[in-house]
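Coordinate analysis (summary)
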Amino acid sequence: MPYTQIMSLAPLALSIALFVFWIGLGWSLIAIAEPGMEPLKALLVAPALGVALTVLPVFWLSAFGLPVSDFARPLALVLAAIAITIAGWRRPPWKSPELLPAVVVLLAVVLIGFPTLYFGFDWIANANDDWGVYNLRAIRYLHGGFYQQPSIEAMREGRNYPGVYWYADVVQTWRPGSDLVLAWVSTIVGKNPFFVFMPVILAFHGVLCFAAAALARSWFKSRTALLAGLVLTAVAPLSVYAVHQQLIAQVIGLAFTCALASLAFVSLHQLASARRIAVVSILSSGFLLLYTELVPLFGLGFVLFHASHALDKEWGWRRSWPVLSILPAVCIFLGAYTIDAAFYLLSQFQQSSAQGVFDGLSIFPYFRVPSGVAVLFGISRLAELPSEPWLSLSIAAGFLLLAVALAGTLIGLAARQGVAFVPAGLLLMILLLIVRGSDFGIFKIAMFVQAFVWFCIVAVLARLRLNWAAPVYLGILSTLILTDIRHLDSSLKHGPGAGSSMGNASQERLLSRFLDGGPDAPCDADFETPLPPVIKILSATPGCARSFIARPTFGWGITPDRNPFHDTIAIRGYVERAVGRVSPVPTKLPFDYPQLGSVAVVTRKPAVEYRKLVVDIASRSIFNRTDSSRNRLIFVNSNLSSHYYLPESGIAGIYATEADTFFPSGYFAAVGRYLLFRVSSPSKSVRLELDLTTSVLGDGKAQLPAATVVGEQPVQVGLSGHGAARVISPPLSPLVVDGVAYVLLDLGAEPKPIKIPRHGLMKMYGTEVPIDPRRMVGFARGISLIDADEEGAATPPSSISHFPADLAKEKLQFSGIYEDGWLGDEGFVELSNDCPGSKVVFRGMFPRGLGLDSIDLLLKVAGGESVVKHIEPGPFELELPANPGRSRIEFSFSALGRLPGGDNRPATVLLSSVSIEGGGSKAAEDLGSQPPQPACQ
C-alpha cells in the first residue's frame, strides 16, 4: 500500500472521542462539587479532571491485583454512565462562544496528528525509546496486577520482557499513570498499546491546551485574547515536538500543572472551601501518578503566587488551615504510593545533572547557544541551523520575542496573575540547573514554558493598537505553523534521519508487521537489532521467546533501593533472586592486540539464545550491504564503545544513519574509534571491507585513519591519504570465545566533535559548546565481512573519471581521493584491464591558489614500474605500463597545500581521470589532457 493513500480516520476519531469523554467525566465532578464555577473555566479544566477520575480507579484496581484487561471496559461503562447521568441532571451551561476553544483544540489535534491519515494506527512518529517503555509497562498492567511479580524464568528466556519493568514500577517507583491510561484505552479499543499510543498523546495535548487556557482565564477578561493565546499554545512547535517525540507523561503532567494551578492559585478563602479541597485533592493525586517531576514547579509557583498576597488581609490567611487537609487526602487517595512518589522525586533530583550526558558531552546543548532562542519560540526546529543571514535573523527575532515574553511575565506578576508565576518559577529553576550543569533540565524547561509563554506574549500584544497587534500576531502564528509543517513533512518522509529513529517504520507498517504475528517477528529467535525502540516493539508479545544479541541489557538497571517499605513486602528478596538469572552474561574477549594495553574487551551476551537469527529490517544499516547470513556483522556494545542510542559505556562507536552528503541516494553513519562485532556464520578466513570518508569533518585535516581489524591476530586494513576510501583488508580469522566469533575494528584515531563554523549572532555566546555533540573519526558508508576467497573474484573497473559517481562503483578499491576528485598527499586506486600492452594513464589539474608553486608526483604500479614528474600549475598527464589484469596504482606527492575559500581541506591536485587503456606507449608530454580511451582500442 503506498504511503500516500489515506488509510484511516480512526486514530483521530479515537483522540477526539477520548477528549470529549474526559470533558464529560470532568464536568460530572464539577457539577457535583462546584456547580457555580464560571462556565468557560469549568469547560477548560474539565478534561484534566476527567483524566484524574480515570487514572485513580485504574490504579487502585491494578494495585489490588487485577489485570487492566479484566476491568477496563466495565469501568469505562461505569464512568460513562456517571457522566451521562450527571449531565442529564445538571446540564452543562456552555453556549457557542464557550465551545470555540474546543474547535481550536480539535483543529490543532488534526494538524499535529495529520500523519495518521496516511499511516493509520501504524504511525509511530519519532519512535522514542521512552515510547517503547511506556507501552511495555502498559502491556504488563494489561496482563497482571501492579505488584504482581513476573516469572523469573519467563523473563530469562525472553518470553516476558514487559515483566522486566516490574522492577521499574515497584522498586524504582516510576510514576505509572500514563501507562495505566494506555492499558485502559488499548483494552477498550482492542488493540496493542503501541497502536493507540499516538491517539492518546494527541488527546492529552488537547487536555494540556485547555488546562493552560484555564490558568490564563482570570487574566484575560476578553475571550478573544484568551482564544488568541490558546491558538499559539496549541500549535507551538516545541509542544508539537513533545507529541511527536512521544513524551506522553510530560504532556499530561504539564496539563495537570496548569489545571491544578488554575484551581489553587486563588484566594485562600476559595481554596479552603471543602468543595475546592476535594477537587484539588483528586487532581493532585492524579498529578503524582502521572508526572511527579513537575510537583516542585507547581509548588514553587504556588508559594510565589500566595506570597505576593502576603499583605492582603482579605486573602484568607487566618482561616487557611483547611488547605493543609489536601496532603492527607492525597495520601488516602494514593495509599502507600505516596511514599513511592516521594522517593521517585528524590531520585530524579539526584540524577538531573547526569541525564543526557555521555562520554562527558551533553546531547541536549540546544539552549546553551544563541540558536536556542529561535527554537524556543518556534522560529526554527531543534538541531536546525539555517544558512546566513536567516540564522542570525531567526536569533534576533527570538530575542525580540523573549523580551516581549519577559515583559508579559512582569505585567502578569504585577497584576498577580497565576499564569505568570509558573514561568517566574521556571526562571528560578533555570538558574539552579545552570549551576548544576544540567543541559537536559534546561531543555525540558524550554518545553514546559510553552504552556505559559504564549499567553504572556498575547498579554503584551493586547495592550497595543489593533492595527499593530494583528499583523504581529498573524506573523507569529504563520511562523509557528510553517515550523509545524516542517515537523509533519519530516514524519511523512522516507529515508534515514526522516521523522523517526527507525527510518521508514511508519511507511512500512512496522507495528503491524511485528505485532500481528507476521514472518518478520518469529518466536524462538535471536534478533540482531541494536536499536532500543525496535527491541521494545519486538518485546511486546508475552509468551514469544526472543533474545537480542546486539543489545542484551533490557532495562534491568539495578540501582540501590532506599525505600524501607519494600522490606516489609518481600520486594528486595525477589530482586535478589532475579538479578543473577535475568542479567546478561559478561564475556571477556582476549584479543591479542598490544595497542589496547591492559584494557580488556568486555561485552555481554543474553542469558538465553536461540538458533534462528533474524536480521535488522527496521532501519537502514551501514553494515552488511547484502542479506547473506554468512559472515554477517552484528555490532555489539562493549566497554570500548556502544550504540549511539543510549550508549551503555558512555562512548558511542556508531551513530544514526543519515543521508550521504555526496551521493543523494546513499547514506552513511558517523563512527568512533572502536567497533566490536559479533560474526554470524563466519568463514574460517575472512576479509573486512571498509568504505569510509573524512571529507566532511571540517577539521582542516581530513586524514584517513590507520585502521586495524583484529581477530585472532591484528591486520592493517590499508587506508592512506585524505578524503575517502574503500578498502578490503588482508585475510584474518575471527576470534572465537564460547562458540561465538568476534572481530574488533580499531580506526586508529581518537574521535573528535565535528567542527561547525559559526557566523553572525551564533558567536554571541556558547562558543565552547559543541553544536553537534557527536564524537567521530569519520563517516562510514559500509562495513562488511567477506569470505577471504571472494575478494579475488571481484573484477575492478578499468577507469574512473566522473566524481563522485565513479567512486561508488561496487568493485572499486581506492584510498586518498576526495569525493569531488581532489587528492591528498598519497593514496591508491585498483583498476583492471586484460588488454595486451595496457598502460596506466593518470590525468589531472594542478591549480594555483593552494599555497604551492610546484609539486612532484610519484606514480607507480605495485609490483611494476614507477615514474616521477615535476608538475607546474596547469593540466598534466602521466602514463606507465600496467600489470596484466588487476593493477594497484599508487600516488604520492612531495608537498601538501590547502583548498582556498574557507574549504581548508589539505589537497594537491584535482584528478581528471585515471584509467588502464589499451594500445602503444606515447610520451606523456605529447598527450596533453585527454579523456580515457576505450579498452583494447
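Heads up: the structure comes first, above all this text.
A brief structural summary. (Residues numbered from 1 in each chain as written. Predicted model: local features only at pLDDT ≥ 70, side-chain atom pairs only at ≥ 80, totals over all residues. Heavy atoms only, no water.)

The next thing to look at is the overall build of the chain. Within the chain, the regular secondary structure consists of 28 helices and 32 strands. Scaling as 2.2 N^0.38, a compact globule of 937 residues should have a C-alpha radius of gyration of about 30 Å, and the chain matches this with 32 Å. For the chain, buried positions account for 59% of its 937 residues. Of the contacts made within the chain by residues no fewer than 6 positions apart, 75% connect residues no fewer than 24 positions apart. (Helix = DSSP H or I, 4+ residues; strand = E, 2+ residues; numbered from the N terminus. Rg over C-alpha atoms; globule rule 2.2 N^0.38 Å. Buried < 20%, exposed > 50% of the residue type's maximum accessible area, 1.4 Å probe, protein only. Contact = heavy atoms within 4.5 Å.)

Okay, the sheet that holds strand β3 (residues 525–527) next. Reading across from one edge, β4-β3-β7 is the order of the three strands in this open sheet, with parallel pairing throughout. Edge strands, defined here as strands with exactly one partner in the open sheet, are β4 (546–548) and β7 (612–614). On average, each strand axis in the sheet is tilted by 30° relative to the strand beside it, whichever way the strands run. Across three bridges, the pairing between β3 and β4 is parallel. Looking at β4, one finds that alanine 525 is bridged to arginine 546. (Pairing = 2+ DSSP bridges. Axes fitted to C-alpha atoms, helices over the stretch in contact; angles between N-to-C directions.)

Right, let's talk about the pattern of salt bridges for a bit. The full count for this structure, using the stated rule, is 36 salt bridges. Here arginine 781 and aspartate 660 are joined by a salt bridge, their closest N and O atoms 2.5 Å apart. Highlighted residues: arginine 781 in strand β21 (residues 778–787) and aspartate 660 in the loop between β10 (652–659) and β11 (667–671), separated in sequence by 121 residues. Several salt bridges share partner residues, and in doing so they unite Glu830, Lys860, Arg886, Arg888 and Glu890 into one network. (Salt bridge = Lys/Arg side-chain N within 4 Å of Asp/Glu carboxyl O.)

Note that soluble globular proteins tend to have their nonpolar side chains buried in a common cluster. By size, the foremost hydrophobic cluster in this structure holds 221 residues, and its most contacted members are Trp22, Val68, Trp184 and Met502. At 20 residues, the largest contribution of residues to this core is made by helix α10 (residues 193–216). Leave out the neighbours within four places in its chain, and valine 68 touches Val58, Tyr141, Leu142, Leu180, Ala183, Trp184 and Thr187. Within the second largest apolar cluster, 35 residues are counted, among which are Ile817, Ala882, Leu911 and Val914. (Core = buried A, V, L, I, M, F, W, Y, C linked by side-chain atoms within 4.5 Å.)

Now for the pairing of strand β8 (residues 632–635). Burial along β8 is two-sided: Arg632 and Ile634 facing one way and Leu633 and Phe635 facing the other are all buried. Bridge analysis of β8 against strand β12 (residues 674–680) gives four bridges, and the strand direction is antiparallel. For arginine 632, the partnering residue across the bridge sits in β12 and is serine 680.

The subject of this paragraph is the packing of aromatic side chains. Applying the stated rule across the entire model yields 42 aromatic pairs. Aromatic pair tryptophan 27 and tryptophan 94: ring centres 5.4 Å apart, planes at 65°, arrangement edge-to-face. In this pair, tryptophan 27 is assigned in helix α1 (residues 10–33) and tryptophan 94 in the loop between α3 (68–89) and α4 (96–112), connecting sequence segments 67 residues apart. A relative accessible area of 19% places tryptophan 94 in the buried class. (Phe/Tyr/Trp six-rings, centres within 6.5 Å; stacked < 30°, edge-to-face > 60°.)

Here helix α2 (residues 39–63) crosses α10 at 135°, and the two axes come no closer than 8 Å. Taken together, α2 and α10 sit at an angle that is classed as oblique. Pair α2 / α10 crosses with left-handed handedness. Judged by residue contacts, Lys41, Leu43, Leu44, Val45, Pro47, Ala48 and Val51 of α2 engage Phe204, Val207, Phe210, Ala211, Ala213 and Ala214 from α10. By residue class, the composition of the contact of α2 with α10 is 12 nonpolar, no polar and one charged. (Parallel < 35°, antiparallel > 145°, perpendicular 65-115°, else oblique. Left-handed = near helix turned anticlockwise from the far one by under 90°. Nonpolar A, V, L, I, M, F, W, Y, C, P; charged D, E, K, R; others polar.)

Now for the state of the cysteines. One covalent bond between the sulfur atoms of two cysteine residues makes up a disulfide. Under the criterion given, the structure shown has one disulfide. In this structure cysteine 258 is a free cysteine whose sulfur lies 9.7 Å from that of cysteine 209, the closest cysteine sulfur available. A relative accessible area of 1% places cysteine 258 in the buried class. (Disulfide = S-S within 2.5 Å.)

In this section: a nonpolar patch on the surface. Where nonpolar side chains cluster on the molecular surface, the patch consists of Leu100, Val103 and Leu107 and spans about 280 Å² of accessible area. Tracing the chain through its elements places leucine 100 in helix α4. Assessed through its relative accessible area of 43%, leucine 100 is described here as partly exposed. (Patch = residues over 30% accessible without salt bridge, like charges linked within 9 Å, V, L, I, M, F, W, Y side chains within 5 Å. Areas by Shrake-Rupley, 256 points an atom, 1.4 Å probe, with all protein chains shown as cover.)

Here the focus is helix α24 (residues 466–492). With 27 residues, α24 extends 38 Å from end C-alpha to end C-alpha; this agrees with the ideal 39 Å at 1.5 Å per step. Looking at α24, one finds that the buried residues are Ala469, Tyr473, Ile476, Leu477, Leu480, Thr483, Asp484, His487, Leu488, Ser490, Ser491 and Leu492. (Expected span 1.5 Å × (residues − 1).)

It is worth spelling out unusual backbone geometry at this point. At the junction of glutamate 388 and proline 389, the peptide bond is cis and its omega measures out at 5° in the coordinates. Secondary-structure assignment places proline 389 in the loop between α19 (371–376) and α20 (390–414). The step from phenylalanine 803 to proline 804 runs through a cis peptide bond, and the omega angle for that step is 5°. Structurally, proline 804 is set in the loop between β22 (799–800) and β23 (813–817). The phi angle at asparagine 904 is positive, at roughly 70°, despite the residue not being glycine.

Note on placement: leucine 290 falls in helix α15 (residues 274–290). We classify leucine 290 as buried; its relative accessible area is 0%. Each C-alpha atom of the pair leucine 290 and leucine 812 lies 57 Å from the other, and the pair is 522 residues apart in sequence. When residues no more than four places from it in sequence are discounted, the contact partners of leucine 290 are Val51, Arg175, Gly177, Ser178, Ala249, Ile252 and Phe256.

With that settled, consider the environment of valine 709. With respect to the secondary-structure elements, valine 709 resides in strand β14 (residues 708–710). Take valine 709: its relative accessible area is 1%, and that puts it in the buried class. Contacts of valine 709, omitting those with residues within four sequence positions, involve Leu688, Pro714, Val715, Val717, Ser729, Leu732, Val743, Leu744 and Leu745.

Summarising the element assignment, glutamate 293 is placed in the loop between α15 and α16 (295–307). Polar contacts involving the side chain of glutamate 293 include one to the side chain of arginine 175, which spans 2.8 Å. (Polar contact = N/O pair within 3.5 Å; in protein donor to acceptor, adjacent residues only side chain to side chain.)

We now examine the sheet that holds strand β26 (residues 855–861). Strand order across the open sheet formed by 11 strands is β9-β10-β11-β21-β13-β16-β23-β24-β29-β26-β27, with mixed pairing between neighbours. What marks the edges here is a single partner per strand, and that holds for β9 (642–643) and β27 (866–871). With four bridges joining them, β23 and strand β24 (residues 823–833) adopt antiparallel strand pairing. If you follow serine 815 over to β24, its bridge partner there is phenylalanine 828.

It is worth spelling out the pairing of β12 at this point. Counting buried positions along β12 yields seven of seven residues, so the element is predominantly enclosed. Neither face of β12 is exposed, since Tyr674, Leu676, Arg678 and Ser680 on one face and Leu675, Phe677 and Val679 on the opposite face are all buried.

As a further point, take helix α23 (residues 450–461). Given 3.6 residues per turn, any residue in an α-helix points the same way as the ones three and four places further on. Here α23 spans 17 Å end to end across 12 residues, near enough to the 16 Å set by a 1.5 Å rise per residue. Burial analysis of α23 places 12 of its 12 residues in the buried class, which makes it a mostly covered element.

Looking now at the packing of helix α11 (residues 223–235) against α24. Two elements in contact, α11 and α24, have axes whose closest approach is 9 Å; the angle formed by their N-to-C orientations is 20°. By the angle class used here, α11 and α24 are roughly parallel. For the pair α11 and α24, the crossing hand works out as left-handed. Along its contact with α11, which presents Ala228, Val231, Leu232 and Val235, the element α24 presents Tyr473, Ile476, Leu477, Leu480 and Asp484.

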